[in-house]
Amino acid sequence: MSSTRVLVLNSGSSSVKYQLLDMRGGSRLAVGLVERIGEETSRLKHTPLHSGGETRESTGPIPDHEAALKAVSEELTKDGLGLDSPELAAIGHRVVHGGKSFTEPTVIDDAVLAEIERLIPVAPLHNPANLTGIRTAQALRPDLPQVAVFDTAFHTTMPEAAARYAIDVKTADEYRVRRYGFHGTSHAYVSRATAELLGRAPEDVNVIVLHLGNGASASAVEKGRCVDTSMGLTPLEGLVMGTRSGDLDPAVIFHLARVGGLSTDEIDTLLNKRSGLIGLCGDNDMREIRRRVDEGDEQARLAFDIYIHRLKKYIGAYYAVLGRVDAVAFTAGVGENAAPVREAAIAGLQELGLAVDEGLNAVRSDEPRLISPAGSRVAVAVVPTDEELEIATQTYALVARK
Ligand SMILES: Nc1ncnc2c1ncn2[C@@H]1O[C@H](COP(=O)(O)OP(=O)(O)O)[C@@H](O)[C@H]1O
Ligand SMILES: CC(=O)OP(=O)(O)O
Ligand SMILES: [Mg+2]
């Protein structure tokens, strides 16, 4: 029996998203999600697509990522899709930080694991979860190739002018301080899917991709290659996010330390976990924020306005970086679902050839679609991301070659 299946694990800071795909024909056999890992109210949602079976949901404490993966493995086994299947060709893992070392999907060995571990200080919310995912999967199937697909890989084409911070070069090089960028698998997939939606080759189009999930980033993609992105050394720079501040004057940190007496760890936690939307209004879910805005809540309104203001600045900046823009693509949880965010971010940009059609923007769909009025100079699109499919494709291409 030939092995054509790939299991993809996207381990986040408090969640695991997974998909089992058959790469012969590209069908999804099962998809699921474990959320709120580490809390009392963890939730597992599993859908066995291959059999057309019902979605199964369970809640109860799942203490860590290892327990989460074991629970996922049990769900797959119930459907006859267990990790012991000889049809499984590989397990593909999303790894957030690959530093400068990894520009391609990579078969994981001890040296790769050590490098992912070395990069924990620059992806403290993500790389530890990615490592646990890999180690647990290795323990379950030690014989199987495990492949890492890095968020940073797509951004390694950024020119030095975009990748370097304007700080002392020797110090920057000694500590590898530079802009790496993240969500690259999504930016790559969405920029290609946007070109396809326009009926053009990726090499022919310039796209601004706005990946707005819990973490959020923008990228400028010129002819299929990333030339700038909003996240930097870590996933903290750039846009306002669910719990992260995005851009701020670095002197805020000295001020909080010297005047506020906060420790480095306290400032780290403040900026990564208690800032962004949750810091501004107490909620990080855009659905809840919109509900509050619609009820006239001033604090939620201000949080929304700050979020949009930053987003608009990046659209303008990347317009200037690219010179000519063919499309602006919204993606991820907020970008795909929050019509008011898309409308507000594009409002007032007619002079740049950008506009949103109210009726098209209100359509709900899982398909890539245009939301700009017919005849617009620049297309505005909603393009659902599929990091798991992209990871599976890259993983399978690597192991099937061997
Ligand atoms: N219908 C919706 N309207 C507005 N926002 C939504 C909707 N559905 C999901 N979201 C937003 O999407 C976010 C999660 O996006 P997602 O891309 O899944 O993030 P991540 O991968 O970082 O966990 C949620 O925090 C929520 O704010
Ligand atoms: C890199 C990053 O911010 O990822 P996520 O959006 O999954 O938190
Ligand atoms: Mg995500």
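What you see is a predicted model, and the numbers here were worked out from it, not measured in a lab.

Definitions and limits used
- Along every chain, residues carry numbers that run from 1 in the direction the sequence is written.
- Working convention: letters from A go to chains and numbers from 1 go to ligands, in the order in which they are written.
- Owing to the predicted nature of the model, reporting of local features is limited to residues with pLDDT of at least 70; listing and counting of side-chain atom pairs is limited to 80 or more, with chain, interface and lining totals taken over all residues.
- UniProt positions are given in the numbering used here, feature names are shortened, and annotations may be inferred rather than shown by experiment.
- Contact definition: two residues whose C-beta atoms, as placed from backbone geometry, lie within 7 Å.
- Each helix is a run of H or I in the DSSP string that is no shorter than four residues. Each strand is a run of E no shorter than two, and both are numbered from the N terminus.
- As a rule, any residue with its backbone-derived C-beta atom within 6 Å of a molecule or strand is reported as near that molecule or strand.
- Residue polarity is assigned by list, with Asp, Glu, Lys and Arg as charged and Ala, Val, Leu, Ile, Met, Phe, Trp, Tyr, Cys and Pro as nonpolar; anything else, Gly included, falls into the polar class.
- Structurally, a nonpolar core is described as a collection of buried Ala, Val, Leu, Ile, Met, Phe, Trp, Tyr and Cys residues joined by way of C-beta atoms within 7 Å.
- Residue burial here comes from a neighbour count, namely the number of other C-beta atoms, placed from the backbone, that lie within 10 Å of the residue's own C-beta, with 20 or more meaning buried, 12 or fewer meaning exposed, and in between meaning partly exposed.
- Throughout, the edges of the domains are those of an automatic or database domain assignment.

K.L.:
Mind showing me how you'd approach the UniProt feature "site: Transition state stabilizer" (unreviewed entry) in the protein chain here?
P.N.:
Per the UniProt record, "site: Transition state stabilizer" (unreviewed entry) is annotated on H183 and R244. Discounting chain neighbours no more than four positions away, the residues touching H183 are D151, H211, G215 and S217. Inspection of the secondary structure puts R244 in the loop between strand 11 (225-229) and helix 7 (251-258).

K.L.:
Help me understand the site of ligand 1, please; the structure alone is not making it clear to me.
P.N.:
As a matter of local geometry, ligand 1 sits amid 14 residues, with G213, N214, M286, G333 and N337 nearest to it. Residue assignment for the shell around ligand 1 shows that the elements contributing at least two residues are helix 10 (286-294) and helix 12 (332-337). Sort the elements by how many residues they give to the shell around ligand 1 and helix 12 lands first, with four residues. A per-class count over the shell around ligand 1 returns four nonpolar, eight polar and two charged.

K.L.:
What is the right way to look at the nonpolar core in this model?
P.N.:
Generally speaking, soluble globular proteins have nonpolar side chains that are buried together. The biggest cluster of nonpolar side chains holds 99 residues, and the ones touching the most others in it are I208, L210, A327, V328, A329 and V380. Looking at which domains feed residues into this core, each of domain 1 (5-150) and domain 2 (199-382) supplies at least three. Ignoring anything within four residues of it in the chain, the contact list for L210 reads A218, L311, V328, A329, F330, T331 and G335.

K.L.:
I keep staring at the site of ligand 2 and nothing clicks. Help me out?
P.N.:
In the vicinity of ligand 2, the residues found are G12, V96, H126, D151, F182, H183, G213, N214, G215 and P235. Considered class by class, the residues forming the shell around ligand 2 number three nonpolar, six polar and one charged. Looking at which domains feed residues into the shell around ligand 2, each of domain 1 (5-150) and domain 2 (199-382) supplies at least three.

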